[in-house]
Amino acid sequence: MKIGLIFGTRPEAIKMAPVYHELKKSKVDVKVISTGQHREMLYQVLNLFEIQPDYELNIMKEGQGLSELTSRLIQKVEEIVKEEKLDFILVQGDTTSAFVGALVGFYNKIPVGHIEAGLRTGDIYSPFPEEANRKLIGNIAKVHFAPTDVNVNNLLAEGYKNDNIQKVGNTVIDALYWVKENRSADLDFIKEKYGLIDKKYILMTMHRRENWGNPMRDTLKGVRRYLEENKELYLVFPMHMNPLVREVIREELEGFGRKILIDPLEYLEFISIMDGAHYIMTDSGGVQEEAPSLGKPTLVLRNTTERPEAIEAGTAKLIGTSSEEVYKYMKVLEGDLYIEMSKANNPYGDGRTSKKIYLEILKNIKGEQL
Ligand code: UD1
Ligand code: UDP
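Report on the accompanying structure. (Residues numbered from 1 in each chain as written. Chains lettered and ligands numbered in written order. Predicted model: local features only at pLDDT ≥ 70, side-chain atom pairs only at ≥ 80, totals over all residues. Heavy atoms only, no water.)

Thoughts on the site of ligand 1
Move 1: The full set close to ligand 1 counts 24 residues, and His38, Glu40, Lys61, Glu130 and His240 are the nearest of them.
Move 2: Contact distances for ligand 1 include 3.0 Å between an oxygen atom and a backbone N or O atom of methionine 41.
Move 3: With respect to ligand 1, the backbone of lysine 61 contributes an N or O atom lying 2.7 Å from an oxygen atom.
Move 4: Coverage of ligand 1 by the protein amounts to 96% of the 750 Å² it exposes when considered alone.
Move 5: Of the residues contributing to the shell around ligand 1, the split by class is seven nonpolar, 10 polar and seven charged. (Near = heavy atom within 4 Å. Polar contact = N/O pair within 3.5 Å; in protein donor to acceptor, adjacent residues only side chain to side chain. Areas by Shrake-Rupley, 256 points an atom, 1.4 Å probe, with all protein chains shown as cover. Nonpolar A, V, L, I, M, F, W, Y, C, P; charged D, E, K, R; others polar.)

Focus: the sheet that holds strand β6 (residues 143-146)
Move 1: In spatial order, the strands read β3-β2-β1-β4-β5-β6-β7; together these seven strands make up an open sheet with parallel pairing. Only two strands of the sheet have a single neighbouring strand rather than two, namely β3 (55-56) and β7 (165-167).
Move 2: Pairing analysis gives two bridges linking strand β2 (residues 29-34) to β3, with the strands arranged parallel. Across the sheet, isoleucine 33 pairs through a bridge with tyrosine 55, a residue of β3.
Move 3: Packing against the sheet, helix α5 (residues 130-140) makes contact with β4 (88-92), β5 (112-115) and β6, and its axis sits at approximately 145° to β5. (Pairing = 2+ DSSP bridges. Helix = DSSP H or I, 4+ residues; strand = E, 2+ residues; numbered from the N terminus. Contact = heavy atoms within 4.5 Å. Axes fitted to C-alpha atoms, helices over the stretch in contact; angles between N-to-C directions.)

Observations concerning empty space enclosed by the protein
Move 1: Under the defined criterion, the tally for this structure stands at one cavity of 30 Å³ or more.
Move 2: As a volume, the largest cavity reaches approximately 30 Å³.
Move 3: Around the largest cavity, the lining residues are Glu116, Leu119, Pro147, Asn151, Asn170, Glu289, Glu306, Arg307, Glu309 and Tyr348.
Move 4: For the lining of the largest cavity, a count of residues per class yields three nonpolar, two polar and five charged. (1 Å grid on protein atoms, 1.4 Å probe; cavity = no way out; pocket = protein on both sides within 12 Å on 5 of 7 lines; lining within 4 Å. Points joined across faces, edges and corners; volume = space filled by probe spheres on them.)

So this is what it looks like as structure tokens:
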């Protein structure tokens, strides 16, 4: 049995890493096809999780547009898929790399498993283009590996057959456990490295396409206003490599002293910085999943979320990107709500998701006599 893992961005690599190790441990013939949609941010993860891709497409260009990225990827990924004669393809989440991996699988009549299936906001433009990507992958996939009941119900409501949906949790929890077991974090060292010893800080990340430009500017205006009134707080902002994102952050925070603007952190460091943060502000999908496990209050800088579990668990609040709302919620977090939101709660699985995925693939492949 030969299984192809097709991915190319930071979050996909983090969430695929435990699946890769599970398959390797089970002596499956695994082919890792790294699209290279990301460069620096992907290599960080591959190094940490000791993944050596069989193919590295190195496709990234500065300011890549969706259509050109998609079209370049389709051709290159197909060449490899044809050559390798894969029995099964696994894609993760909702990126362009995941969508292309699924599409090429379909064109070559190779069954596709979709990890992190069934997440929906119901708004095709939010997040953009991810909501469309995951729906399109859903149409193609043979097996839907859904993290939670909410995700299973979304798929059932769209008419997918129960037999093809497997509720398995999210591999992000497996990745968290893997890091804790294999790479013990030294929080003090990392805090010292970034000058954070004895500092109370808010951790912020922001990168989504629909937030580029004014939404990000407005958010940062609200954050800055609040921080200027609260002199004990620092802002730690590991900035996505996208120059469009970095430029806005630098401009909006220019002249503000208590900020630590840094390059994307290695996953292990990021988890440690999350763990030490007073709270988190983010538009990231993965961070919304990790924060409940760490019991970190999280303000979600978006108008919609496909991850209502974190909100129901009480750790996250969806606050949008207007400077008034952002300021207001930062103030609200001064009160009792902070304690309520700090309770650790993990709605995303038991850390055995990769194992469950492997066992389901085995059943699926045997059942179909491929
Ligand atoms: C992509 C995914 C998004 C995911 C995010 C995770 C798509 C359409 N978007 O968005 O779903 O949430 O990754 O971070 O698939 N860049 C670098 N180095 C890197 C990575 C990016 O320089 O290591 C810069 C490049 O200029 C690149 C730009 O960032 O053109 C945007 O990268 P891209 O993958 O197109 O979009 P993301 O916003 O990263
Ligand atoms: N992350 C990281 N370093 C950072 C910022 C985030 O390792 O500097 C990790 C984070 O822990 C999470 C993942 O990257 O697992 C989320 O990636 P991102 O926010 O880029 O994408 P999304 O999840 O929104 O698709």
